Amino acid sequence: MSNSRIAAVDVGNDSLKGIYGKIESDLYIPNVIARDIEDRPVIGIEELDTKDPLDGIHIRVHSPALKDNNAIYRVGNLATKSDNPTELDPGSAKSEEDQTLVMLFASLALDAVDPKNSANFKNHNGVIDANYTLGTGLPLREVKEGKDVGYRSRLLGSVHQVEFLVTPKYQGKKVNIKFDEVKVYPEGFAAYINLVMDSDLNIINKDLIDKRILIQDIGGLSTDIAVIKNRNVDDDKAQGFNLGVAESLEAIREEIRSKHGVELDSRRDVVDIITKKNDRNHIMVRGSRTSVHDITDRILLELAKKQYRHLRNVWQKNSQSEICYFVGGGSIVLKDYLKTLNNNLDGYNIDFFEDEKESIWMMSNAYYKLISDFTRKNSKPQHQDKKEEKNKVKN
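Residues numbered from 1 in each chain as written. Predicted model: local features only at pLDDT ≥ 70, side-chain atom pairs only at ≥ 80, totals over all residues. Heavy atoms only, no water.

1. Looking at the overall build of the protein chain
Next up, step 1: A tally of regular secondary structure across the protein chain gives 13 helices and 18 strands.
Next up, step 2: In terms of overall size, the protein chain behaves like a compact globule, its C-alpha atoms giving a radius of gyration of 22 Å where 395 residues would be expected to give roughly 21 Å.
Next up, step 3: C-alpha atoms of the protein chain, sized along the principal axes, occupy 70 × 60 × 35 Å.
Next up, step 4: A fraction of 67% describes how many contacts in the protein chain between residues 6 or more apart in sequence connect residues 24 or more apart.
Next up, step 5: Within the structure as shown, the protein chain displays about 18,600 Å² of accessible surface, and the carbon and sulfur contribution to it stands at 45%.
Next up, step 6: Taking the average location of the 57 positive side-chain charges in the protein chain and that of its 62 negative ones, the two points are 4 Å from each other. (Helix = DSSP H or I, 4+ residues; strand = E, 2+ residues; numbered from the N terminus. Rg over C-alpha atoms; globule rule 2.2 N^0.38 Å. Contact = heavy atoms within 4.5 Å. Areas by Shrake-Rupley, 256 points an atom, 1.4 Å probe, with all protein chains shown as cover. Lys, Arg positive; Asp, Glu negative; His and termini not counted. Charge placed at Lys NZ, Arg CZ, Asp CG, Glu CD.)

And the structure:
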């Protein structure tokens, strides 16, 4: 495992967040893909290599783990500009979608092909061999259904190749990705780890460590409510729901289109309108600043009520819970609505992460802590191995 590079990757419905190596590299890529042709047209092809690779991810992906093998994709920012962008649909299982794997492979290939990471990998005539020890996660519901086992087995034991096509700086390069180990964590447990432990898994929040805690993780396609008791997730009481923010974001996008004639490229654009610091809940209509507050408030309040109902039901079954933390990208979108509902109704002890970046990166940070700890425990120093060999000979 000594030549294996650590990767902690959260493939969220809204975006992929990845941390690589010794935290010297990270990537944030919108979770949008679009099928494409090999020679995508580019204006000013000679200027291609002056652009940011993240704005022009154009790849062919070959992997036995994919249902649609050898397909060509635009990924991330480039895909949002396509006529046929694909985002994960409500009701779909993250562990069973090609899109999850395409995003994962693309991010690892981008890390491997980055010149500053070249010392970590072998390179034969533009083909990079990259070994990774991966920490990632799935919704609690999918883990309880045992889908993490199949997801892990699809990644292990095969070589997954990403070929960069018309991508700035990396055109023509190929990356062969192999996994030495894959750990798939329940997302609710990962959130708990991040709350109470630092990067070395030392306890940093002693006030929380022995409390009974609920963690409501609101994602794009699903919501997990983890019940933490005795420093572990109570598997029997933890619950997952097919309710995220994606459907509501689509409803907002559609109503803006029908009412104002404005076509937003993706759900990512809706999130930007809702969460931006200035002119929040405003769009430009034919050059005029226009409020869409009436649309966003009505649709998001309705979703917040459903989320609050789930909180109430789980808390009733776990009446000795002391606090509920709302985490995930969806909690940022719904924070104000949930706070208002809570103040007007039951007044539960709830909390949010005011630092939006911390909330967004919470899962990948947790996976990094967990996979780093796993690697430390399974990597014996060479002198220790030699000492054990000598003892075996003596015995």
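2. Section: helix α5 (residues 187-196)
Next up, step 1: Of all 10 residues that make up α5, 9 are buried, and the element is covered over most of its length.
Next up, step 2: Considered for burial, the residues of α5 that qualify are Glu187, Gly188, Ala190, Ala191, Tyr192, Ile193, Asn194, Leu195 and Val196. (Buried < 20%, exposed > 50% of the residue type's maximum accessible area, 1.4 Å probe, protein only.)

3. Description of the side chain of Ser4
Next up, step 1: Take Ser4: it is sitting in the segment before β1 (5-11).
Next up, step 2: Side chain to side chain, Ser4 and Thr133 meet in a polar contact 2.8 Å long.
Next up, step 3: Within the structure, the side chain of Ser4 is placed 2.7 Å from the side chain of Asp180, a separation counted as a polar contact. (Polar contact = N/O pair within 3.5 Å; in protein donor to acceptor, adjacent residues only side chain to side chain.)

4. Digging into the UniProt feature "domain: Alp7A-like C-terminal" (unreviewed entry) in the protein chain
Next up, step 1: In this numbering, the UniProt entry assigns the feature "domain: Alp7A-like C-terminal" (unreviewed entry) to residues 213-351.
Next up, step 2: Here residues 213-351 is 47% helix and 24% strand, with 11 Å between the C-alpha atoms at its ends. (UniProt positions renumbered as here; feature names shortened; annotations may be inferred.)

5. Brief notes about helix α4 (residues 147-155)
Next up, step 1: Turning to α4, its buried residues number three or more, namely Asp148, Tyr151 and Leu155. End-on, the buried residues of α4 take up no more than an arc of 65°, which puts them together on one face.
Next up, step 2: In this structure, the buried side of α4 is in contact with α2 (98-113), β8 (127-138), α3 (140-144), β9 (160-164) and β10 (174-186). (Arc of directions from axis to C-beta.)

6. Topic: the domain arrangement of the protein chain
Next up, step 1: As far as domains go, the protein chain holds domain 1 (5-40 + 48-185) and domain 2 (197-352).
Next up, step 2: When each unit is reduced to the centre of its C-alpha atoms, the spacing between domain 1 and domain 2 is 27 Å.
Next up, step 3: A combined buried area of about 1,500 Å² lies between domain 1 and domain 2, and 51% of that area is made up of carbon and sulfur atoms.
Next up, step 4: It is Glu87, Leu140 and Arg141 that lose the most area in domain 1 upon contact with domain 2, and together they represent 35% of the buried surface on that side.
Next up, step 5: Our count for the domain 1 to domain 2 interface comes out at 3 salt bridges.
Next up, step 6: Across the domain 1-domain 2 interface, the total number found is 6 residue pairs in polar contact (both at pLDDT 80 or more).
Next up, step 7: Among the elements that make up the side of domain 1 that touches domain 2, the one with the highest residue count is α3 (3 residues). (Domains from an automatic or database assignment. Buried area = accessible area lost by both parts, 1.4 Å probe. Salt bridge = Lys/Arg side-chain N within 4 Å of Asp/Glu carboxyl O.)

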